[in-house]
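Structural overview
Residues per chain, in single letters:
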Amino acid sequence: MNTPAFTLYVDAQFTSPYAMSAFVALTEKKLPFQLRTVDLTLQHNHLPEYARLSMTHRVPTLSEGEFHLSESSAITEYLEERFAPPAYTALYPQALQHKAKAREIQAWLRSDLMPIREERPTTVIFLGEKRPPLSSAAQFAAAKLIAAADAWLDEGSECLFGAWSIADLDLAVMLSRLARHGDALPAKLSAYVDRQWQRPSAQQWLKLLQD
Ligand SMILES: N[C@@H](CCC(=O)N[C@@H](CS)C(=O)NCC(=O)O)C(=O)O
């Protein structure tokens with residue numbers, strides 16, 4: 001197969017958890033790609049040249065020639081199918097039911113828990129921002145997230161499904177909204193979050209913030 005000429009469009013602030021997920025997927029698969037930034041604070045995602053690539057006007061978008069794909073989980077599933085394990089690092093568990101559960105977790109983290117996403121934006125994680133205490137709605141959402149993560153992860157578990165998957169990254173980033181802000185999290189989940197951040201692909205994203 002010819003080396004793909006991928007371009008990944010991410011936010012210029014490097015605080016989008018969805019852009020990070022697509023970045024980590026490409027990095028884990030060791031695929032070469034060019035990184036292009038879109039300044040969301042200046043609303044450059046609505047400029048015609050970006051809107052032509054992304055019908056959703058959102059980051060991330062993966063481009064290869066005239067093929068353009070937005071929605072981070074669509075990107076990670078596409079990469080997994082096109083660059084399948086074992087030749088490339090797996091992004092999803094191989095067992096069908098585990099793979100389905102990983103997709104369930106990705107979909108849930110993207111569609112629910114809105115009070116946490118609003119009151120603990122990822123600037124809390126990436127820029128150390130401080131926010132007021134959680135509202136009762138956010139506390140309720142946090143309790144639901146913690147209960148789910150606690151049930152999914154055994155004591156000392158490195159990852160959700162025996163081997164690392166992209167759902168681990170997505171879950172760890174969601175939990176980090178609480179952990180990095182100093183909101184209460186069981187020790188088991190804090191340890192899981194810390195281990196996920198040690199992964200070289202996650203560290204590479206953090207490095208973008210420092211450069
Ligand atoms: N479901 C989408 C969400 C993407 C998304 O919301 N991206 C935000 C940055 S975190 C964005 O581009 N916002 C710009 C806007 O909505 O104007 C995905 O998973 O890719």
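Just above sits the structure.
Everything numeric in this text was worked out from a predicted model, so none of it was measured.

Calculation criteria
- Residues numbered from 1 in each chain as written.
- Predicted model: local features only at pLDDT ≥ 70, side-chain atom pairs only at ≥ 80, totals over all residues.
- Heavy atoms only, no water.
- Helix = DSSP H or I, 4+ residues; strand = E, 2+ residues; numbered from the N terminus.
- Buried < 20%, exposed > 50% of the residue type's maximum accessible area, 1.4 Å probe, protein only.
- Lys, Arg positive; Asp, Glu negative; His and termini not counted.
- Salt bridge = Lys/Arg side-chain N within 4 Å of Asp/Glu carboxyl O.
- Polar contact = N/O pair within 3.5 Å; in protein donor to acceptor, adjacent residues only side chain to side chain.
- Contact = heavy atoms within 4.5 Å.

On to the side chain of Asp-168, then. With respect to the helices, strands and loops of the structure, Asp-168 is situated in helix H8 (residues 166–179). Summary of buried charges: Asp-168 has no salt-bridge partner, and the nearest side chain of opposite charge, Arg-199, is 7.6 Å away. A polar side-chain atom of Asp-168 sits 2.8 Å from the main-chain amide nitrogen of Leu-160. For Asp-168, the side chain forms a polar contact with the side chain of Tyr-192, separated by 2.7 Å. Beyond its immediate chain neighbours, meaning those up to four positions away, Asp-168 contacts Cys-159, Leu-160, Ala-163, Tyr-192 and Gln-196.

This paragraph deals with the environment of Ser-72. Residue position: Ser-72 is located in helix H3 (residues 72–82). According to the relative accessible area criterion, Ser-72 is buried, its value standing at 3%. Setting aside chain neighbours within four positions, we find Ser-72 in contact with Tyr-18, Pro-60 and Arg-110. Separated by 3.0 Å, the side chains of Ser-72 and Arg-110 make a polar contact.

Looking now at the pattern of salt bridges. Going through the model one piece at a time under the given rule, you end up with 14 salt bridges. One salt bridge in this structure joins Glu-66 and Arg-52, with 3.5 Å as the shortest N-O distance. Within this pair, whereas Glu-66 is found in the loop between strand S3 (61–64) and strand S4 (67–70), its partner Arg-52 is found in the loop between helix H2 (48–51) and S3, the two being separated by 14 residues in sequence. Both residues of the pair, Glu-66 and Arg-52, count as exposed. Here Arg-110 and Asp-170 are joined by a salt bridge, their closest N and O atoms 3.0 Å apart. Of the two residues, Arg-110 is situated in helix H4 (residues 96–111) and Asp-170 in helix H8; the sequence distance between them amounts to 60 residues. A residue is classified by how much of its surface remains accessible, and Arg-110, at 19% relative accessible area, is buried.

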